[in-house]
Amino acid sequence: MLRHLRNKPSSAGRASTLFMQQWQQRCCYHSEKGVFGYRPRKQREFKVPEEVVQSRNAQGNVYRWVEAYRKYGHKLAAVNPISIKSQQSLLEELNPVFYGLQNKEAVKPQGILNAPELASHTTTVEELERLLKEIYCGNTVSAEFGYVENLEEREWLALHFERLRSECQQHLSNDNRKQIAELLIKSQAWDNFMATKFPTVKRYGGEGAESLLAFFWQLLRNSVQDDLEHIVVAMPHRGRTALQTILLQMRPVKVFHKLSGESEFPDGCQAMSDVISHFHISEDLQIDGKTIHFSMVRNPSHLEAANPVAMGKTRSKQQTLKDGAFSEEAEKPFASSALNVILHGDAAFAGQGINQECLNMAYVPHFEIGGSIHLIVNNQVGFTTPGDRGRSTDYSSDLAKTIQAPVFHVNGDDPEMVALVTKLAFDYQRQFRKDVFIDMNCFRRWGHNELDDPTFTNPKVYSIINNRKSVPDMYTEKLIQQSILSQEEAGKIRSQYMDHLNEELSLVPKYKPEPSYFQKQWKHITTAPSDLITYWDTGLDYGLLNYIGQQSVAYPEGFKVHPHLKKTHVDGRRKKLNEGQKIDWATAEALALGSLMYQGYNVRISGEDVGRGTFSHRHVMLVDQESNEMFIPLNSLNEGKSGKLEVAHSILSEEAVLAYEYGMAIDNPDNLIIWEAQFGDFANGAQIIIDNFIISGETKWMDSNGLVILLPHGYDGAASEHSSCRIERFLQLCDSRETAPDSDNVNVQIVNPTTPAQYFHVLRRQMVRNFRKPLIVVAPKILLRLSAATSSYKDFEPGTQFQNVLGDTSSTLQADAVKRVILCSGKHYYALDDVRQAKNLQDTAIIRLESLCPFPTYELQKELAKYKNAKTFIWAQEEHRNMGAWTFVQPRFKNLLGQKLVYCGRVEAPTSATGIGKVHKREVDEILQKPFQL
């Protein structure tokens, strides 16, 4: 039996709240037992101690008043270091009189407020109010968690937050404080050095937000103490290079070398490279005698776009490390080995919709990663837009409330409190494996970049900023006053670091960048050949494929499969496999995935409706019609190397989900990651990810990936939003050459396969090759069930492979008799062939381009050479003339093959397809008849 069928979770305890029960039920999508990659969260038992309940009942008004501070106290907190607004007066909800309490009235706060100084004695309302203001309305930190519905979480947050101040002294030793001060001094020195040596560079320094180094200082120590192995971070540009060079072991000379006009990659590397604020880091760090791997993903200038990439990369590492639901240990939660951390800008977090998508994925089966720790570097301005003009909420962090994540607002002027709140956030994440936010209120010393003048638009705020001390200077002076650090020690830290930076700068002429790619889990992968297009034998013995195919529709005894699926899917597939004929698209896909799993590769298919398939063709998962339990037959393969299939039904999103899958694909080259759009048109919702990561990631960053993108495409009368996957856009994005033959070393492969066997081979080719390229599959709709679009067992046997070009397959056609050659790509071939057969034309050959990029020059030369008497060469397509492959193939046929093509397809149009049925029929008739009339 499958691993996920063996590991039944232990009996769950009674949920503490109705919300918890409902949450658990929502998350048990089609499975209470769990499937590969998903295990329902065990319900946590929690009960407030009886003596605490009695104390609260006995002093109900006091308890309600304390709860009001927990809920509203943050509104009075002065955590903004550059506020230009007066503090709000006392809220009526926080007035003790509102609860019938008098200042001198005696109260017993035990079980009501968790301040250690009140642990064992009676106090007055007046004294209690003073403590409540210090805890919840201070000028250093405040908290929001009143909206968290789970009682255990609220109790935990109240307990630990109310003890936060008293823990400050015992948590941070004087040596710890000196370490933090050293980081801040170096951060300021780094920015000063950069400003002096590279005054015209947009460096996006960390001035005003230096306390983010205290965040990472604390995070790393907590992580190694909890035996984490990996931290995966997404971070925007602000303060990025300071963090990398000071805390994360990046040599400053790498930055200086780049700023001198050189590449960050070794000589001979074909990467076009990127700017310093997009540099990544992947290093083993030694923290307190322990090793932890720190990986910061690449980021484009599209803010927040890297966040789901980091989430996907985290999950991939969790799969490799057998973390969470990938583990044999039923009780092991996600994030036991790999933790995700995301940094945000305040304006970007509130403004970019991808954040809502990411939060919505946080606890979705097959996307859950055990909760992320978020730090909002709150500059209180977005480019030039003040915060209150950049959102409709009180706080930039308010989106966190959509998933009931607690938020800690902290003053960036207090690095010690930043460190302490980081520990609190970390402890919460470890306790509940949920997302948590730190909103670090700070400022931006300069404009959006150092060449901007922010006083044009924000004079009042910058009047405050320009007349105040820096965060490192303030903290250094504080430690000097406390006799923890001397002026001489501070000066020595700065001078030695400046000497180090000058020494690194002097090494620029001799510096040789080291390769940062094809290492560790990628060491068996290389770059694609740049001088040829390779063919790979992806066929297999049909006996093995028959076994895999039979297993793909097998299910346990007693499993109640849907009767229609039993007849058409299960029995139908078994019959086709036994006969070895009319093997359809879904069966070929199952054979490809199952055979890769048999060889030890893991497979993940993600998207909306992927288990069933948008067109109800795949059914890679079966659902018991009585128990509602999901079963994935391919995970029951008893032979081979036991790769696993993860079926990830996604939220209704394209951008974040596709980025998540990209993050998985760049982490492990031995996992086949597939994302399927519900319809190909919908991929434009993820255009930022396509443009900035998938298409250009290897070219900019040397980040290879083998991500497969399935885009259903075809003009079937479904109007403009369900017809075209916009082939022309992907062809425009590829770096195929117009004037010289392509090789395998293109930035993306684009194929339009017309047979199930072709689809089988192209999927298997993704993994058996020794290089990785993203694959865009122009996927079918009507071909899924078209009897002509099927394959024979011979098409899958050893020695078979993906064919970039399919020549004419007519058994009656004589090459010498051909006067007309029609070239096309995709399902349009079958309609053209039907017309040819109906007309009984023996003078027309039809050639299919299965691969568009790389462009198959040599294969086409070979096919065209067969028809020496042909006079007319036609490009036929369903799409409009300004769409489809026409503008791509036309110059290549002319330049590379010396062949002029005549266009036959729809005329130019601003939308991809008509919504008028009669017009659609007229267009179809025209584009099918015209090619045979030329």
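Let me sum up the structure you'll find in this document. Everything quoted here is computed from the prediction, not taken from an experiment. (Residues numbered from 1 in each chain as written. Predicted model: local features only at pLDDT ≥ 70, side-chain atom pairs only at ≥ 80, totals over all residues. Heavy atoms only, no water.)

**Some remarks on the overall build of the chain**
Scanning the chain from N- to C-terminus turns up 30 helices and 26 strands. The principal-axis extents of the C-alpha atoms in the chain amount to approximately 105 × 70 × 55 Å. Every one of the 934 residues in the chain was classed for burial, and the buried ones make up 62%. If you sum the accessible surface of the chain, you get close to 36,700 Å²; carbon and sulfur atoms cover 48% of it. Distance between charge centres in the chain, computed from 106 positive and 111 negative side chains, equals 3 Å. (Helix = DSSP H or I, 4+ residues; strand = E, 2+ residues; numbered from the N terminus. Buried < 20%, exposed > 50% of the residue type's maximum accessible area, 1.4 Å probe, protein only. Areas by Shrake-Rupley, 256 points an atom, 1.4 Å probe, with all protein chains shown as cover. Lys, Arg positive; Asp, Glu negative; His and termini not counted. Charge placed at Lys NZ, Arg CZ, Asp CG, Glu CD.)

**Considering the packing of helix H11 (residues 252–259) against helix H18 (residues 487–506)**
Running from N to C, H11 and H18 point in directions that differ by 50°, and their axes come no closer than 8 Å. For the element pair H11 / H18, the angle class is oblique. For H11 against H18, the interelement crossing comes out right-handed. Residues Pro252, Val253 and Phe256 of H11 form the contact with H18, whose own contacting residues are His500, Leu501, Glu504 and Leu505. (Axes fitted to C-alpha atoms, helices over the stretch in contact; angles between N-to-C directions. Parallel < 35°, antiparallel > 145°, perpendicular 65-115°, else oblique. Left-handed = near helix turned anticlockwise from the far one by under 90°. Contact = heavy atoms within 4.5 Å.)

**Overview of the sheet that holds strand S7 (residues 338–345)**
What the 8 strands build is an open sheet, ordered S3-S11-S12-S8-S7-S4-S6-S5; its pairing is mixed. Two strands in the sheet have a free side with no partner beyond their single neighbour: strand S3 (141–144) and strand S5 (281–287). Within this sheet the neighbouring strands show an average axis-to-axis angle of 20°, counted without direction. Two strands pair when backbone bridges link them, and strand S4 (residues 230–234) and S7 are joined in this way by 5 bridges, in the parallel orientation. Among the inter-strand pairings, His230 is bridged to a residue of S7, identified as Ala338. (Pairing = 2+ DSSP bridges.)

**Some words on the state of the cysteines**
Using the criterion set out here, one finds 0 disulfides in the structure. Unpaired in this structure, Cys725 has its nearest cysteine sulfur neighbour in Cys734, at a distance of 13 Å. On the accessibility criterion, Cys725 (2% relative accessible area) is buried. Among the cysteines around Cys853, which has no disulfide bond, Cys734 carries the closest sulfur, lying 3.7 Å off. Residue classification places Cys853 among the buried residues on the basis of a relative accessible area of 1%. (Disulfide = S-S within 2.5 Å.)

**Description of the side chain of His649**
Its place among the elements puts His649 in strand S16 (residues 645–649). His649 gets classed as buried once you look at its relative accessible area, which sits at 16%. A distance of 3.1 Å separates a polar atom in the side chain of His649 from the backbone nitrogen of Gly611. (Polar contact = N/O pair within 3.5 Å; in protein donor to acceptor, adjacent residues only side chain to side chain.)

**Some words on the side chain of Ser55**
Inspection of the secondary structure assignment puts Ser55 in helix H3 (residues 50–58). Ser55 gets classed as buried once you look at its relative accessible area, which sits at 17%. Here Ser55 is in contact with Lys108, Gln110 and Ile112, once residues within four sequence places are set aside.

**Quick notes on the packing of aromatic side chains**
Aromatic ring pairs are reported here in terms of the distance separating the ring centres and the angle at which the planes meet. Enumeration over the complete set of coordinates arrives at 31 aromatic pairs. Members of the aromatic cluster, each reached through a chain of ring pairs, are Trp190, Phe193, Phe198 and Phe256. One cation-aromatic arrangement involves Arg604 over Phe367; the distance from NZ or CZ to the ring centre is 4.9 Å. The positively charged end of Arg848 is found above the aromatic ring belonging to Tyr829, 3.7 Å away from the centroid. (Phe/Tyr/Trp six-rings, centres within 6.5 Å; stacked < 30°, edge-to-face > 60°. Lys NZ or Arg CZ within 6 Å of the ring centre and 35° of its normal.)

**Considering the sheet that holds strand S18 (residues 708–712)**
If you walk across this open sheet you meet the 7 strands as S16-S13-S17-S18-S20-S19-S24, and the pairing is mixed. At either margin of the open sheet sits one strand with a lone partner, and together these are S16 and strand S24 (851–853). In this sheet, adjacent strand axes meet at a mean angle of 20° when their direction is disregarded. Alignment of strand S19 (residues 749–751) against S24, held across 2 bridges, turns out to be antiparallel. Bridge pairing in S24 links Val751 to Ser851. Packing of helix H21 (residues 585–598) onto the sheet brings it into contact with strand S13 (602–607), S16, strand S17 (671–676) and S18, and relative to S17 it is tilted by some 155°.

**Re the pairing of S16**
Extensive coverage of S16 is indicated by the burial of 5 of its 5 residues. With burial as the criterion, each face of S16 is covered, one bearing Leu645, Val647 and His649 and the other bearing Glu646 and Ala648.

**Thoughts on helix H5 (residues 125–136)**
When the terminal C-alpha atoms of H5 are compared, their 16 Å separation across 12 residues agrees well with the 16 Å that a helix rising 1.5 Å per residue should span. Of the positions making up H5, those classed as buried are Val125, Leu128, Glu129, Leu131, Leu132, Ile135 and Tyr136. Buried residues of H5, viewed axially, fall in a sector of 165°; they line one side. (Expected span 1.5 Å × (residues − 1). Arc of directions from axis to C-beta.)

**Points about the nonpolar core**
By size, the foremost hydrophobic cluster in this structure holds 112 residues, and its most contacted members are Phe215, Phe216 and Phe294. With 10 residues, helix H15 (residues 415–432) is the single largest residue contributor to this core. Other than its neighbours up to four places away in sequence, Phe294 contacts Phe216, Leu220, Ile231, Val233, Leu248, Ile281, Ser282, Glu283 and Leu285. Counting residues in each nonpolar core, the second largest holds 76 residues, with Ile690, Ile776, Leu860 and Phe873 among its members. (Core = buried A, V, L, I, M, F, W, Y, C linked by side-chain atoms within 4.5 Å.)

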